[in-house]
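Here's the letter readout for the chains.
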Amino acid sequence: MPIGTLNGRDLLLAPSILAADFAQLGAQVQAAEAAGADWFQADIMDGHFAPNISFGPLVVAALKPVTSCLLDCHLMISNPELYIDEFVAAGAQHITVHAEAVVHLHRVVHQIKEQGVRAGVALNPATPLSVLDEIVADLDLVLIMTVNPGFGGQQFIASSLDKIRRTRAMLDRHGLEEVVLQVDGGISARNVRVVAEAGATCFVAGSSVFKHQQGIAVAIEEFRQALGTPQRADNE
Ligand code: DX5
């Protein structure tokens, strides 16, 4: 069930497991699913494209039996085309590659789609939207990075709002209503509403979910309230 709706579009919360406690990853994912997470994002980093090393397909495969939520793999890696098959085999239902990491972007997007997996392209903060001009019609998702890749807990880059609005306008201009407009980095219950009003429909949130002082369930309920759909209390 989407975390909210706005302008007739479902809004999806995709907690990023990068911020989870890896000593109890399965339990944290199940708690987030029970609290209403729609997807989970696996932030894959190779220490080359992104200045950090996270985890690979093994962790995605370990989570597959633990949750019924869609597993969305964000490949912040060089040569992602070499690993698509492994992430598909691990159970990824969504794979996003960085336009900056790929020479033959059309080929890689179709390599993902030919495996029956939904394909996304991510743009770093300094990468212009025009990079998507020739490929946007082939995509299932566009990811606008609102921080520079590498770490959780960073501040939302304020200029991203205008880029999100221009991305929404691009998708609407092309009649691409079904394409998910995802944002990632520094997203919290405090800014999610304005980001949704700018046109985003999927919110990757790591620290604001898994490192919330009052826990995962409260964190997700705050998102739901910020997006205007507070959970009904049992006695309402
Ligand atoms: C950066 C990662 C982070 C993460 C979200 O490479 O992609 O943006 O998923 O982190 P928070 O929500 O903690 O900013």
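Above this note sits the structure.
So, here's what we can say about the structure. Just so we're clear, the structure is a prediction, and the values are computed from it rather than from any experiment.

Here's the deal with the overall build of the protein chain
Phase 1 of the analysis: Across its full length, the protein chain holds 8 helices and 9 strands.
Phase 2 of the analysis: Relative to its length of 236 residues, the protein chain is compact, with a C-alpha radius of gyration of 16 Å against a globular reference of 18 Å.
Phase 3 of the analysis: Considering only C-alpha atoms, the protein chain reaches an extent of 55 × 40 × 30 Å along its principal axes.
Phase 4 of the analysis: The buried share of the protein chain, taken over its 236 residues, is 55%.
Phase 5 of the analysis: Considering only contacts within the protein chain whose residues lie at least 6 apart along the sequence, 63% involve residues at least 24 apart.

As for helix 5 (residues 160-173)
Phase 1 of the analysis: The terminal C-alpha atoms of helix 5 lie 20 Å apart, and with 14 residues this matches the ideal 20 Å at 1.5 Å per residue to within 8%.
Phase 2 of the analysis: The secondary structure elements touched by the buried residues of helix 5 are strand 2 (9-15), strand 6 (118-123), strand 7 (141-145), strand 8 (180-184) and helix 6 (192-197).
Phase 3 of the analysis: Positive backbone phi, at 65°, marks G175, one or two positions downstream of helix 5.

What about the site of the ligand?
Phase 1 of the analysis: The immediate surroundings of the ligand are formed by 17 residues, with D43, G150, D184, G206 and S207 found nearest.
Phase 2 of the analysis: Within the side chain of S16, a nitrogen or oxygen atom sits 3.2 Å from an oxygen atom of the ligand.
Phase 3 of the analysis: Taking S207, its side chain carries an N or O atom lying 2.4 Å from an oxygen atom of the ligand.
Phase 4 of the analysis: Bound to the protein, the ligand loses 99% of the 370 Å² it would expose on its own.

Notes on the pairing of strand 6
Phase 1 of the analysis: Taken across its 6 residues, strand 6 has 5 buried, putting it largely inside the fold.
Phase 2 of the analysis: Where strand 5 (residues 94-98) and strand 6 come together, 5 bridges link them in parallel fashion. Paired with H94 across the two strands is R118, which belongs to strand 6.
Phase 3 of the analysis: In this region the chain leaves strand 5, passes through helix 4 (residues 105-113) and returns to the parallel neighbour strand 6; the handedness of that crossover is right-handed.

About the cut-offs
- Residues numbered from 1 in each chain as written.
- Predicted model: local features only at pLDDT ≥ 70, side-chain atom pairs only at ≥ 80, totals over all residues.
- Heavy atoms only, no water.
- Helix = DSSP H or I, 4+ residues; strand = E, 2+ residues; numbered from the N terminus.
- Rg over C-alpha atoms; globule rule 2.2 N^0.38 Å.
- Buried < 20%, exposed > 50% of the residue type's maximum accessible area, 1.4 Å probe, protein only.
- Contact = heavy atoms within 4.5 Å.
- Expected span 1.5 Å × (residues − 1).
- Near = heavy atom within 4 Å.
- Polar contact = N/O pair within 3.5 Å; in protein donor to acceptor, adjacent residues only side chain to side chain.
- Areas by Shrake-Rupley, 256 points an atom, 1.4 Å probe, with all protein chains shown as cover.
- Pairing = 2+ DSSP bridges.
- Right-handed = clockwise from strand over helix to strand, strands pointing away.

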